[in-house]
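# A structural walkthrough
If you want the building blocks of each chain, they are given just below.
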Amino acid sequence: MMNNIEMAAPAWKSVMVTRHLPEELSGLETLCKNLWWCWNDNAKALFRTVDYELWHKSGHNPMVILDKVSLKRYKELAKDKEFLANLKEVMDDFNAYMAEKAKRTEPSVGYFCMEYGLDTSLMIYSGGLGILAGDYLKETSDMNVNLVAVGLLYRYGYFTQRLTPQGNQVAEYKPQDFLKIPAEPVLDENGAWKTVSVQMPGRSLYARIWKVAVGRTDLYLLDADYEDNIPEDRQVTHQLYGGDWENRLKQEILLGIGGVRALRALGLHPTIYHYNEGHAAFAGLERLRECIQEEHLSFNESMEIVRASGLYTTHTPVPAGHDAFAEDMIGRYFGHYPGRLGIDWRTMMGLGRNNPDDRNEKFSMSHIAANLSQNVNGVSMLHGKVSQDIFADMYPGYLPEELYISYVTNGVHYPTWASKYWKELHAKVFGPEFQTHHYDKKCFEGIYDVPDADIWDVRKTLKKELVRTIRERLSDPQMSAHYTPRQVVTIKERLREDVLTIGFARRFATYKRATLLFSDLDRLDAIVNDPERPVQFIFAGKAHPADGMGQDLIKQIIEISKQDRFLGRIIFVPGYDITLAKRLVQGVDVWLNNPTRPLEASGTSGEKAAMNGVMHFSVLDGWWVEGYKEGAGWALPLESTYDDNNYQNELDAATIYATIESEIATTYYDVDKKSGLSPVWVGYIKNTIAQVACNFTTNRMLTDYCEQYYEPQYKRAQELSADNSRVAREIAAWKQMMLVEWNNIKIVSCSQPDASYVLSQNDMLKTEVVLDLGRLKPGDIGVEILFTSQDIKGELHIQEVEELEMVKYENGIATYVTEVLPEHTGMYQVAKRIFPKNPRLPHRQDFPLVKWL
């Protein structure tokens with residue numbers, strides 16, 4: 001009957017419904033767009049109150065919550081006097097905090113990094129480098145340091161970890177919904193999206209600029225995934241560290257060159273440029289182009305300006321970890337650049353490799369970063385020394401230990417990583433200045449004034465929350481697929497809140513030796529199942545998708561954890577992210593770390609644990625070399641006993657077992673019956689906070705960067721650029737003259753030391769060098785004698801350095817003499833060298849000409 005009736009097809013139309021909060025709740029909109037909320041406990045509590053269930057389901061993402069909350073709930077909140085009072089209190093704090101931004105002064109810093117770990121709502125980080133950068137931005141906000149940051153906005157971010165029933169890691173790349181992240185488009189005065197472009201072979205790549213407000217600090221992110229680009233170029237910002245080496249090169253071009261252009265598009269001209277890893281080194285190349293094309297300086301003059309205001313921080317402890325590209329690939333993408341810089345291709349390649357004529361030597365991002373920066377620093381004291389060795393081939397006239405490369409040890413952002421319960425305690429005893437972020441670190445000693453019972457209550461509360469989190473995660477079948485339902489039930493039953501808990505969570509790379517603990521399973525069985533002093537181990541972490549060996553480590557741990565004797569005693573918790581990391585570093589009793597020496601550049605997970613009174617048990621590597629204090633953690637020796645790695649692993653494993661059995665477990669369970677706690681253990685907790693945690697905050701770290709680098713480099717950069725870059729031009733001219741005349745210096749005479757001496761105050765070693773300086777002046781040249789000793793590896797180490805004094809100068813002939821009395825007797829390797837000398841140079845390697853005599 002209905003055959004003749006016309007049935008119209010539905011005319012669907014897309015309609016976007018956006019949220020519009022009641023006026024009384026408008027502050028929530030402001031807060032959700034500034035990541036200040038993620039390290040402010042009152043702000044987090046406010047969003048949690050909006051909808052407790054949504055808060056957890058959203059992964060603690062305020063933007064998602066505000067989108068999904070019903071209109072009915074908004075109306076309820078708009079009439080809730082208690083909620084409105086809390087909102088007003090948070091907004092008052094936020095507005096007062098943000099008002100201080102107007103007081104920022106020079107130096108202004110441009111900070112470049114490939115990744116930033118700020119919050120789980122913004123997936124643009126993979127691990128330690130990103131978390132460190134995120135913490136650093138938060139600290140610049142808190143200390144009101146004038147810094148602006150640049151990075152890339154990744155569509156898929158880093159991968160989400162899923163585990164199969166066999167324990168294999170599966171990497172899942174979930175696209176970010178850019179409407180649900182704390183980033184906003186940067187628009188011009190006409191409402192158009194601000195963009196930048198960088199040159200690609202035969203085309204341009206375009207990137208939109210987004211802004212992330214990190215408290216008072218702005219982070220600008222570049223996004224190439226839109227229709228103005230060809231499909232190949234849209235993939236540049238799809239995945240962090242994704243794709244092949246050519247895609248990596250494109251990412252680094254966009255970060256460095258595109259990043260500088262983004263700052264210019266925003267009207268920003270920082271006075272210092274900080275390259276956080278070599279990925280950002282092309283920023284220095286773009287700055288050279290600006291100086292040459294816009295300031296009309298020569299290449300050499302521009303090098304002085306760019307270097308004076310450049311700082312390069314390396315985080316990599318092994319040469320293979322530094323990005324490097326084949327010359328052919330560099331040629332395809334930078335063939336046009338020498339013309340822009342007024343140089344030839346050989347000079348261009350010399351920026352990134354030691355021998356510009358060696359086509360087999362790759363173009364190193366670390367080398368170009370060092371060549372375009374006045375200073376280079378490692379991220380711990382030990383890593384600074386390791387970095388001197390890595391970069392030694394750039395300065396063949398100097399021994400590694402002489403290099404200008406220093407260090408600033410990494411720290412962690414206290415408000416982000418310290419539990420709210422510790423913050424409440426600390427606020428009572430650290431003093432009022434602590435809240436201003438400008439304080440004396442001795443204030444941490446206030447923890448000694450806290451009663452032992454209060455300390456122990458916090459520790460018990462945090463472990464209880466950790467156990468609850470683990471049980472919740474394992475209750476999710478998708479997340480706990482690596483365990484059977486029966487195993488999950490057993491784990492949840494056996495996991496206890498009153499058992500000594502040791503945590504190990506980080507990126508799974510082979511050098512971190514995640515499976516060292518499993519070297520002797522029978523001994524480990526005895527430890528975890530000790531009837532009087534049981535121990536439970538919690539593991540978490542990801543392996544890089546391309547790191548098959550790292551993934552095998554995860555699989556091995558899971559397989560062992562399934563054995564009945566270890567089930568519920570050793571647990572692998574999947575889905576490692578910032579949220580889980582916080583629970584772990586706050587909730588365990590001991591943080592375990594056992595990398596192969598000296599491959600841990602710094603490491604910061606143990607620093608986060610220390611903030612929460614969790615003792616560190618680690619090889620003396622990275623930050624722990626500086627952090628270890630007796631009575632505030634445990635340490636494996638700094639030096640290896642064996643050259644054979646297998647023997648060393650066996651020794652380290654035995655030491656770990658013995659330390660847990662005889663020191664850690666015995667102290668933890670040495671409980672006073674009256675108080676119900678171990679007074680010695682609580683003393684360790686207090687020592688950890690007072691003596692360790694205080695030294696490894698981003699507050700101390702940022703202060704170090706300001707005092708060691710930002711402020712001195714700002715002063716010098718201003719001097720060089722003043723008066724139409726007069727000083728920069730003069731230094732460049734002097735260096736050019738030295739290069740022309742260097743080979744014309746002739747050695748007239750040089751006294752050589754005898755094979756042996758009996759020296760005293762009255763009979764010192766005398767040495768004389770006579771040089772024909774040609775057109776150079778005596779003040780242009782320094783002459784020195786070095787006394788070195790040789791270690792068992794045949795490496796030389798300086799014991800004495802004495803500069804010779806010029807005593808005579810006639811007709812271009814200069815005579816230099818000195819008398820030396822070495823501090824100690826013994827066999828020395830002695831040599832003399834000459835070097836360019838100019839008080840305007842920041843250090844010797846700024847112009848590393850050396851001639852050995």
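As a starting point, this report considers the structure included with it. None of these values were measured; they are calculated from a predicted model. (Residues numbered from 1 in each chain as written. Predicted model: local features only at pLDDT ≥ 70, side-chain atom pairs only at ≥ 80, totals over all residues. Heavy atoms only, no water.)

## A look at the overall build of the protein chain
Short version of the rule: Under the scheme used here, helices are H or I runs from DSSP no shorter than 4 residues and strands are E runs no shorter than 2 residues, and both carry numbers assigned from the N terminus. A radius of gyration in this sense is built from C-alpha atoms; the matching globule rule multiplies 2.2 Å by the number of residues raised to 0.38. Any residue under 20% of the maximum accessible area for its type is buried, any over 50% is exposed, and the rest in between are partly exposed; the area is computed with a 1.4 Å probe on protein chains only. The contact criterion used throughout is that any non-hydrogen atoms of two residues lie within 4.5 Å. Throughout, the Shrake-Rupley method with a 1.4 Å probe supplies accessible areas, and for residues the shown protein chains are the sole cover considered.
Along its length, the protein chain carries 28 helices and 28 strands. Against the compact-globule benchmark of 29 Å for 853 residues, the protein chain has a radius of gyration of 30 Å, which places it among compact chains. The C-alpha extent of the protein chain, read off along each of the three principal axes, is 110 × 80 × 55 Å. Per-residue burial for the protein chain yields a buried fraction of 56% across its 853 residues. For the protein chain, restricting intrachain contacts to residue pairs at least 6 apart in sequence, the fraction spanning at least 24 positions comes to 72%. Total accessible area on the protein chain is roughly 36,700 Å²; 50% of this is exposed by carbon and sulfur atoms.

## Some remarks on the sheet that holds strand S20 (residues 633-636)
This is how the line gets drawn: For two strands to pair, DSSP has to find at least two bridges joining them. All axes here are fitted lines through C-alpha atoms, helices being fitted over the stretch that makes contact, and every angle between N-to-C directions spans 0 to 180 degrees.
On the basis of which strands lie adjacent, the open sheet formed by six strands has the order S17-S16-S15-S18-S19-S20 and parallel pairing. With partners counted over all chains shown, the strands left at the sheet margins are strand S17 (570-572) and S20, one partner each. Direction aside, neighbouring strands of the sheet carry axes that sit 20° apart on average.

## What to know about the pattern of salt bridges
Counted only if it meets this: A side-chain nitrogen of Lys or Arg and a carboxyl oxygen of Asp or Glu constitute a salt bridge if their distance falls within 4 Å.
This model, assessed by the stated rule, comprises 58 salt bridges. Note that Asp846 and Arg307 form a salt bridge whose closest N and O atoms lie 2.9 Å from each other. Of the two residues, Asp846 sits in the loop between strand S27 (829-836) and strand S28 (851-852) while Arg307 sits in helix H11 (residues 299-308), which places them 539 residues apart along the sequence. Each of the two residues, Asp846 as well as Arg307, counts as buried. Between Glu661 and Arg523 there is a salt bridge, with the nearest N and O atoms lying 2.8 Å from each other. In this pair, Glu661 sits in helix H26 (residues 645-668) while Arg523 sits in helix H21 (residues 521-528), placing the two residues 138 residues apart along the sequence.

## Section: the packing of H21 against H26
Put simply, the rule reads: Here the angle decides the label: under 35 degrees means roughly parallel, over 145 means roughly antiparallel, 65 to 115 means roughly perpendicular, and every other value means oblique. Handedness of a helix crossing follows the sense of rotation of the near helix relative to the far helix, less than a right angle counterclockwise being left-handed and clockwise being right-handed. Here the nonpolar group is Ala, Val, Leu, Ile, Met, Phe, Trp, Tyr, Cys and Pro; Asp, Glu, Lys and Arg are the charged ones; every other residue, Gly included, is treated as polar.
At their nearest, the axes of H21 and H26 sit 11 Å apart, and the two run at 15° to each other. By the angle between their axes, H21 is roughly parallel relative to H26. Handedness of the H21/H26 crossing: left-handed. Each of Arg523, Leu524 and Ile527 in H21 lies in contact with H26, whose residues at this interface are Ala654, Tyr657, Ala658, Ile660 and Glu661. Considering only residue class, the contact of H21 with H26 consists of six nonpolar, no polar and two charged.

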